[in-house]
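# Topology and contacts: notes
Below, each chain spelled out in residue letters.
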Amino acid sequence: VCVPTPSGLMNRLDTSVVTQVCSELAEHAAETHVTVVRSTVPIGTCKALKGRVVYWPEFCNARSAYDDMLWAEWLYLG
């Protein structure tokens, strides 16, 4: 899933498109289906989405994925 997540009120990301797409996919997907979210979403968003959803940040690349994820969590959690 790679959809826009525009800034809404108070600069919060509008994740309604991500939520809608994941809900629609979950309705029609097999139990073994995994949805990969590649849009900018706040940490914890995928836990609230329907279906088996994983997150792969847009900035993440295969060579430094582990370090990139740690850096993103550190930035978010401070």
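The rules behind each value
Residues numbered from 1 in each chain as written. Predicted model: local features only at pLDDT ≥ 70, side-chain atom pairs only at ≥ 80, totals over all residues. Heavy atoms only, no water. pLDDT = per-residue confidence, 0-100. Helix = DSSP H or I, 4+ residues; strand = E, 2+ residues; numbered from the N terminus. Buried < 20%, exposed > 50% of the residue type's maximum accessible area, 1.4 Å probe, protein only. Contact = heavy atoms within 4.5 Å.

Mean pLDDT over the protein chain stands at 79; residues scoring 70 or higher make up 81%. Across the protein chain, element-level confidence peaks in helix α1 (residues 16-28) with a mean pLDDT of 90 and bottoms out in helix α2 (residues 65-77) with 61.

Tracing the chain through its elements places Thr-5 in the segment before α1. Residue Thr-5 is classed as buried on the basis of its relative accessible area of 14%. Through-space distance from the C-alpha of Thr-5 to that of Ser-39 is 6.9 Å; in sequence the pair is 34 residues apart. The contacts of Thr-5, once residues within four sequence positions are left out, are Leu-13, Asp-14, Val-18, Ser-39, Thr-40 and Val-41.

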